[in-house]
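Per-entry structural report
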Amino acid sequence: TMPWWDDIWLNEAFATWLAYETVGRRDRAYGSELAFTDRRFDAMSADSLAAARRIRQPIESNHDIRNAFDAITYSKGAAVLGMFERFIGRDAFRAGLSRYLQRFRFGSATSDDFLSALEDPKQQGGKPLAPAFKTFLDQPGVPFFDVTPLCKEGGKEPAKLRVRQERYLPTGSPASKAGLWQVPFCVRYGVRGDAGTTRDRAQCTLVTKAEEEVVLLGSAGCPAWVHPNGGGDGYYRFALASAGYEGLRAVASTLSAPERIAVADSLKAGFDAGRLDTKDVVHAASWLAASPEGHVATHSMWIFELSLIHI
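These notes cover the structure that comes with them. In this text the structure is predicted, and so the values were computed from the model without any measurement. (Residues numbered from 1 in each chain as written. Predicted model: local features only at pLDDT ≥ 70, side-chain atom pairs only at ≥ 80, totals over all residues. Heavy atoms only, no water.)

Brief notes about helix α4 (residues 71–88)
- With 18 residues, α4 extends 25 Å from end C-alpha to end C-alpha; this agrees with the ideal 26 Å at 1.5 Å per step.
- Within α4, 15 of the 18 residues are buried, which leaves the element mostly enclosed by the surrounding structure.
- By the N-cap criterion, in which a side-chain oxygen at the helix start approaches the backbone nitrogen of a residue two or three places on, α4 is capped by D70, the distance to I72 being 3.1 Å.
- Positioned one or two residues after α4, G89 has a phi angle of 100°, which is positive. (Helix = DSSP H or I, 4+ residues; strand = E, 2+ residues; numbered from the N terminus. Expected span 1.5 Å × (residues − 1). Buried < 20%, exposed > 50% of the residue type's maximum accessible area, 1.4 Å probe, protein only. Polar contact = N/O pair within 3.5 Å; in protein donor to acceptor, adjacent residues only side chain to side chain.)

Now the structure itself:
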């Protein structure tokens, strides 16, 4: 039980996240993974508005209580829980939940108590958690990453990604783009091998600054392709140059459905923010719309509307 309404998000977000987790582990045929992916990106749409509120909203009157039950509480809260579960690992997350439930059984507890129980160096290798988690709890908005590869074709040095973050806002929004999150930035990429072969690599890094360089481990020269939201679990949006989307097109069949939905969302977000040209967005429509999953095709429908306008 929460001591006050400002922490009610934890009850509701946790129930939402656990429902999808439980159904997904029972039988993947129910499609809970894609349904949860839909909720994540739907929450980002609401969270991109200038009037978006934070997850842990101060409750100062009875009117504020009703506002605490919306997509930010349920869907964004659940998505952030899922993102950090992946970052610290399922076993560490489960152990933290056990500590939390044991410490506060038959009592009240706050969000800080929950984060303290999760943040056990013995369980998660000392990864910081509470400060990073709070950057999503205590400010509104969606982190937006401009991702640029830093590499030399045929070079010997490991490739890097320059990532710059700000608050995502569509063109014309009156809100400020100022904002800084500590984000579990998970990336998948193709490492070039001999005879034109490539192999997949994946890694997660906690990005804490407005601009950072992320080293792609195990790479030399330029990666064959880069997906800045590997797994599709990250609660953030990203923008690539047109060549970056072409690289993803070439490996579309190897990307999971959540990863393809993340690409579709990235294209729309980049276009709405004035970062991508119409022709680049329309060019990406075919391979996304050809996905066998209805969820992926649905997220790509707006591109077809744009292509008709462009024609």
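Moving on from the model shown.
Considerations on the state of the cysteines
- Per the stated rule, a full pass over the model turns up two disulfides.
- Between C151 and C222 runs a disulfide, and the two sulfur atoms are separated by 2.1 Å. Linking C151 and C222, the disulfide has an S-S dihedral of approximately 100° and is accordingly described as right-handed. Of the two residues, C151 sits in the loop between β1 (143–150) and β2 (160–167) while C222 sits in the loop between β5 (211–215) and β6 (226–227), which places them 71 residues apart along the sequence.
- The exposure class assigned to C222 is buried, which follows from its relative accessible area of 10%.
- Each disulfide pairs two cysteine sulfurs, and for C186 the partner residue is C204, the sulfurs being separated by 2.0 Å. Taking the sign of the S-S torsion, about 110° here, the bridge from C186 to C204 comes out right-handed. (Disulfide = S-S within 2.5 Å.)

Some details on the side chain of R260
- Summarising the element assignment, R260 is placed in helix α10 (residues 257–272).
- Contact partners of R260, with chain neighbours within four places excluded, come to A252, L255, W287, L288, S291, P292, E293 and V296. (Contact = heavy atoms within 4.5 Å.)

Overview of unusual backbone geometry
- Look at F106: it is not a glycine, yet its phi comes out positive at around 60°.
- Here F106 shows up in the loop between α5 (90–103) and α6 (111–118).

What about the environment of K268?
- Assignment of secondary structure puts K268 in helix α10.
- Separated by 242 residues in the primary sequence, K268 and R26 place their C-alpha atoms 33 Å from one another.
- Those residues in contact with K268 that lie beyond four places of it in its chain are Y168 and W302.
- At 2.8 Å, the side chain of K268 and the side chain of D272 are in polar contact.

Some points on the sheet that holds β6
- Reading across from one edge, β4-β3-β6 is the order of the three strands in this open sheet, with antiparallel pairing throughout. Taken across any chain shown, the strands that pair with only one partner, and hence form the sheet edges, are β4 (198–207) and β6.
- Two elements, strand β3 (residues 183–192) and β6, share two bridges in a ladder whose sense is antiparallel. Across the sheet, residue R188 finds its bridge partner in β6, namely H227.
- Together, β3 and β4 form the strand contacts of α4, whose direction differs from that of β3 by roughly 60°. (Pairing = 2+ DSSP bridges. Axes fitted to C-alpha atoms, helices over the stretch in contact; angles between N-to-C directions.)

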